[in-house]
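Examining the three-dimensional arrangement
Each chain is listed here by its residues.
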Amino acid sequence: MSMKGPLDIISGTYEKLQDNVSKYQKVVGRPLTASEKILTGHIHDSNIVREIQAGSDYVFLDPDRVALQDVTGQMTLLQFMQSGLTRVVVPTTVHCDHLIQARTGSESDTKLAIYENNEVYNFLESASKKYGIGFWKPGSGIIHQVVLENYAFPGGLMIGTDSHTPNAGGLGMIAIGVGGLDAAEVMAGMSWELLYPRRIGVYLTGKLNGWTSPKDIILYVASKLTVYGATNTIVEYFGPGSRTISCTGKATITNMGAEIGATCSIFSYDEKMETYLRATKRQDIADLADKYKELFALDREIEEEISNNRKNAQRYFDQLIEIDLSHLEPYIVGPHTPDLARPISKMASDVKSNNYLDAISVALIGSCTNSSYEDMSRASDIAEQAKSKGVKVKVPLQVTPGSEMIRGTIERDGQMKSLVDIGANVLANACGPCIGQWNRPELKKGEPNTIVTSYNRNFPGRNDGRRETMNFIGSPEMVIALALGGKLSFNPLVDELTASDGTRFILRPPKAAPEVPSNGFVYNQDVYIPPSEGNKDQQVQIDPNSSRLQKLEPFPKWDGKDFERIPILVKIKGKCTTDHISPAGPWLIYRGHLDKISDNLLLGAVNAFHQDQIGKGKNILNNEIELLSHIARQYISKKIRWIIIGDTNYGEGSSREHAAMTPRYLGCCAVIAKSYARIHETNLKKQGILALTFVEPADHEKILEDDKLSILGLKDLQEGSYLKCIIHHSNAIDEEILLKHSYNSLQVEWFKAGSALNLMRTK
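1. As for the packing of helix 1 (residues 7–28) against helix 11 (residues 283–291)
Contact pair helix 1 / helix 11: the axes reach a minimum separation of 11 Å and the direction vectors enclose 10°. One element, helix 1, and the other, helix 11, form an angle in the roughly parallel class. Crossing hand, helix 1 versus helix 11: right-handed. Of the residues in helix 11, those in contact with Leu7, Ile10, Ser11 and Tyr14 of helix 1 are Asp284, Ile285, Leu288 and Ala289. Residue classes in the contact of helix 1 with helix 11 are distributed as 6 nonpolar, 1 polar and 1 charged.

Right under this line is the structure:
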């Protein structure tokens, strides 16, 4: 099996980069950052005559690759099938990683998942064979780890139907999470539209030491930028400290950029990336990248200027964050949001002052963020220290290897045994508890509990479907240490453990770990089916009576009329992620069946008018308080459209387009929010829902439960225009407010056509 990306495609990418970057450098007359080079190098129309304005200009890009996971990929393929093409135009892979539920252990969980999801896997495999897509089988690994090991390359541009696609930024690639329709269009050969991102620079000096790891860098950055501070921004890491971090350590950092709303994050190409390419049998790509390395690295003059005077950063970045790695402490974030951070030295006082549940119920390491060879080696070093003292973990410890390659390698080299010897249980090479695929029969309903993980996301209900579970995130080695201490307040830097002989000891910081295995990685030949040349006779397997898969029917086009006196289904209070709008967990099985999954609409949302009844609202047809999905179905059955009122950063979190498709399917015509997360706003637009914001954020407070809204001037909807909104109060008093939008001329056509997919069909 060949694990390599096609060298000729990469060579063509580099030639285009060279041409475009040279042209753009002459246009702007200044040094360029790595992200500027890679983005401009992938612009479809290379005739750039002026500097592209970040935050306002849209650009059309030609990605090199598309990556789909098995949950979001179902809808992507169903949409791609509408294109009428017989083969994907851009190299594409499908990765079966999201549907394996963590129950007891790796082998049994994978076997059960194959049995339970056989229909979906057959659909994905048959579609892959028909359309020339690479297919990674269940158990092969988590999409982002597998992409890093096989497909990511410096200077490339990739889109993926998962918010943590930016993981590949650790290998110098612009990799961006998108909705499924974005991916389907690129697979069909269309250019991809992106609001040209602003740039945040993170200048790194010094070198990590002791307990501090790459995970602590992004946890610290999250504390500074918050969950939306990097929206529509690329975070670019540079400086002498950046070149001391391993390739997989860089990937940990870029992966979690999704938690601060970043379009993506990236490091400049360096020797650490070259080492990783050669270790993963991509010597030819490393040789080629070395020849073109200036094309995907920040110009040296920029680093020199900023090194001499930090104020010079404003020439290249909208914001600069500086971190001295030598003095960075290990961090813990949570609960319920990844930007609530503190150094481990402050955790015990936070537990006390916030009445957090100190006892840890389960500790979990791995995930797409932290399951590299280096991660597992540092974690096993802590395990070996405990083992030598006769100590085991005080709480259940679950380990998720990121890929079959990592699992096989750490089994051969002993890290797995070290973890098992102190009480760890090994789960499947899959997302599992990180995304809600976790069966926890030991917990009573509503039982509060604390977990510690090395994952990336910790919203209420995210990991086990239980809003009472509080997830605190740290590095794998810190999670192992906390599992040995058994308490959230345990600080392994200073607190003692008791050995089996009664003596007291303090854990030593983990030794410096190898970035790649000295004996090479272990490859399993039976986890991948390479793309065929396309097979017109191959039938895509969809049972018409299936409860898991459903062929798509086009959404209706806009009727040309204003939205008059539309009722409000819900007014959101506070954080509303895509997990709140379209929860995962048990609902993952319906991701290929739009009607079935629509029953989860807004199940996790907090309604400002009924804050004690999650996922519920008032039905205007009977004045009863009911599930929002039930109300929406009643409304659509009577041809009543409805509106969602959102709060700040509405739709943060994952790339799941179901959070836009299910409202659209059940009759939502508009969402009005204070602000949006990038991917979700695009998904709403693509599915034909009018995505609007308040010109005056305070107008959000004017909207009451029984109000109806009229949105006027839709025939004149155009780039830069405002829309008039009349709030019709139940007391017969009307108020007028202004709404704004970020639609450009093409996106207006999506709205008029009823969806971007409808427009693609016509082309």
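2. So, the sheet that holds strand 2 (residues 65–69)
Strand pairs in the sheet, formed through backbone hydrogen bonds, run parallel or antiparallel to each other. Pairing is mixed across the open sheet formed by 6 strands, whose spatial order is 6-5-2-3-4-21. Edge positions in the sheet fall to strand 6 (174–177) and strand 21 (528–529), since each has one partner strand and no second. With 2 bridges connecting them, strand 4 (residues 134–136) and strand 21 associate as antiparallel partners. Opposite Trp136, over in strand 21, you have Tyr528 as the bridge partner. Relative to the sheet, helix 6 (residues 143–150) contacts strand 2, strand 3 (92–95), strand 4 and strand 5 (157–160), its axis offset from that of strand 2 by approximately 150°.

3. Here's the deal with the sheet that holds strand 10 (residues 264–267)
In spatial order, the strands read 10-9-8-11; together these 4 strands make up an open sheet with parallel pairing. At either margin of the open sheet sits one strand with a lone partner, and together these are strand 10 and strand 11 (319–324). Across this sheet, the average inter-strand angle for adjacent strands is 20°, counted without regard to direction. Pairing of strand 9 (residues 233–238) with strand 10 involves 4 bridges; the strand directions are parallel.

4. A word on the layout of surface pockets
Here the largest pocket is characterised by a volume of approximately 870 Å³. Taken together, 44 residues make up the lining of the largest pocket; nearest its centre are Tyr58, Leu195, Glu681, Lys685 and Ser742. For the lining of the largest pocket, the secondary structure elements donating two or more residues are strand 1 (58–61), helix 7 (180–187), strand 7 (192–195), helix 22 (678–686), strand 27 (690–694), helix 23 (745–753) and helix 24 (756–762). Looking at the lining of the largest pocket element by element, the count peaks at 6 residues for helix 22. Grouping the constituent residues of the lining of the largest pocket by class yields 18 nonpolar, 14 polar and 12 charged.

5. Brief notes about the packing of helix 8 (residues 214–225) against helix 9 (residues 247–255)
Helices that pack against each other are described as a pair by the angle of their axes relative to one another and the distance between those axes. Two elements in contact, helix 8 and helix 9, have axes whose closest approach is 8 Å; the angle formed by their N-to-C orientations is 20°. Comparing their axes, helix 9 and helix 8 come out roughly parallel. Handedness of the helix 8/helix 9 crossing: right-handed. Along its contact with helix 8, which presents Pro214, Lys215, Ile217 and Ile218, the element helix 9 presents Gly249, Thr252 and Ile253. For the contact of helix 8 with helix 9, the class distribution of residues is 4 nonpolar, 2 polar and 1 charged.

6. Details of the pairing of strand 2
Within a regular strand, side chains alternate between the sheet's two faces. Taking burial as the measure, the 5 residues of strand 2 include 5 buried ones, the bulk of the element. On strand 2, burial covers both faces: Arg65, Ala67 and Gln69 on one face and Val66 and Leu68 on the other are all buried. Strand direction decides the pairing type here: strand 2 and strand 5, joined by 3 bridges, are parallel. Looking at strand 5, one finds that Ala67 is bridged to Gly160. As paired strands, strand 2 and strand 3 are joined by 4 bridges and run parallel to one another. Note on strand 3: the bridge partner recorded for Gln69 is His95. Between the parallel pair strand 2 and strand 3, the chain is carried across by helix 3 (residues 72–80), and the sense of this crossover is right-handed.

7. Some details on unusual backbone geometry
Between Gly334 and Pro335 the backbone carries a cis peptide bond, its omega angle lying at 5°. Mapping Pro335 onto the fold places it in the loop between strand 12 (331–333) and strand 13 (341–343). Phi at Ser367 is positive, roughly 85°, even though this residue is not glycine. Structurally, Ser367 can be placed in the loop between strand 14 (360–366) and helix 14 (373–388). Exposure remark for Ser367: the relative accessible area of 2% places this residue in the buried category.

About the thresholds
Residues numbered from 1 in each chain as written. Predicted model: local features only at pLDDT ≥ 70, side-chain atom pairs only at ≥ 80, totals over all residues. Heavy atoms only, no water. Axes fitted to C-alpha atoms, helices over the stretch in contact; angles between N-to-C directions. Helix = DSSP H or I, 4+ residues; strand = E, 2+ residues; numbered from the N terminus. Parallel < 35°, antiparallel > 145°, perpendicular 65-115°, else oblique. Left-handed = near helix turned anticlockwise from the far one by under 90°. Contact = heavy atoms within 4.5 Å. Nonpolar A, V, L, I, M, F, W, Y, C, P; charged D, E, K, R; others polar. Pairing = 2+ DSSP bridges. 1 Å grid on protein atoms, 1.4 Å probe; cavity = no way out; pocket = protein on both sides within 12 Å on 5 of 7 lines; lining within 4 Å. Points joined across faces, edges and corners; volume = space filled by probe spheres on them. Buried < 20%, exposed > 50% of the residue type's maximum accessible area, 1.4 Å probe, protein only. Right-handed = clockwise from strand over helix to strand, strands pointing away.

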